[in-house]
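Coordinates in review
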Amino acid sequence: VEARYYDLLPDHGWEVDLGHLRTMVDDRTCAILVNNPSNPCGAVYSKAHMIDIMRTAESLCLPVIADEVYAEMAFDDAFVSCAAATTKVPVL
């Protein structure tokens, strides 16, 4: 197994750099891991950004592994799960 790391955008609330994510995918890529809410930066992705992530996963034909262990610790921003942001992408 080879883990690859996509960039986050600190000037945009630590959102996923979707352009960079696309460059990390090749024929050996089997899934995208999404950590939301994020630790240690504390980012909670907006519904719009979650939809963008899921659309990217759909276009790449990749399932998403959702690390949402801190979902109950999102206090200031509304938490949107990966599964709630798509009906087309398998979410584990």
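Look up: the structure comes first, before these words.
Residues numbered from 1 in each chain as written. Predicted model: local features only at pLDDT ≥ 70, side-chain atom pairs only at ≥ 80, totals over all residues. Heavy atoms only, no water.

1. Re the environment of isoleucine 65
The following threshold applies: Strands here are runs of E lasting at least two residues and helices are runs of H or I lasting at least four, both read from the DSSP assignment and numbered beginning at the N terminus. In this analysis, two residues are considered to be in contact whenever any of their non-hydrogen atoms come within 4.5 Å of each other.
Summarising the element assignment, isoleucine 65 is placed in strand β4 (residues 64–67). Spatially, the C-alpha atoms of isoleucine 65 and leucine 33 are 4.6 Å apart, while their sequence positions differ by 32 residues. Not counting the four nearest positions on each side in its chain, isoleucine 65 is found in contact with Ala31, Ile32, Leu33, Val34 and Leu92.

2. Notes on the nonpolar core
Threshold: We define a nonpolar core as any set of buried Ala, Val, Leu, Ile, Met, Phe, Trp, Tyr and Cys residues linked to one another through side-chain atoms lying within 4.5 Å. Think of it in three bands: residues with accessible area under 20% of the maximum for their type are buried, residues over 50% are exposed, and the middle band is partly exposed, with areas taken using a 1.4 Å probe on protein chains only.
By size, the foremost hydrophobic cluster in this structure holds 17 residues, and its most contacted members are Val34, Tyr45, Met50, Ile53, Met54 and Val64. Those elements that place two or more of their residues in this core are α1 (18–24), β3 (32–35) and α2 (47–59). If you tally residues by element for this core, the top one is α2, at 4 residues. Apart from residues lying up to four places away in sequence, methionine 54 is in contact with Val64, Cys82, Ala85, Thr86, Val89 and Val91.

3. Some words on the pairing of β4
When a strand is regular, its side chains alternate between the sheet's two faces. In plain terms, the rule: Pairing between two strands requires that DSSP report at least two bridges joining them.
When β3 meets β4, the two strands line up parallel, connected through 4 bridges. Looking across to β4, one finds that isoleucine 32 is bridged to valine 64.

4. A closer look at unusual backbone geometry
Working note: non-glycine residues mostly have negative phi, and peptide bonds are mostly trans. The peptide bond linking asparagine 36 to proline 37 adopts the cis configuration, its omega dihedral lying at -10 degrees. Of note, proline 37 is situated in the loop between β3 and α2. Notably, tryptophan 14 is not glycine yet its phi reads approximately 65 degrees, a positive angle. The residue cysteine 61 is not glycine, and still its phi comes out positive at about 55 degrees. Tracing the backbone through its elements, the reader meets cysteine 61 in the loop between α2 and β4. Note on cysteine 61: relative accessible area 66%, which makes it exposed.

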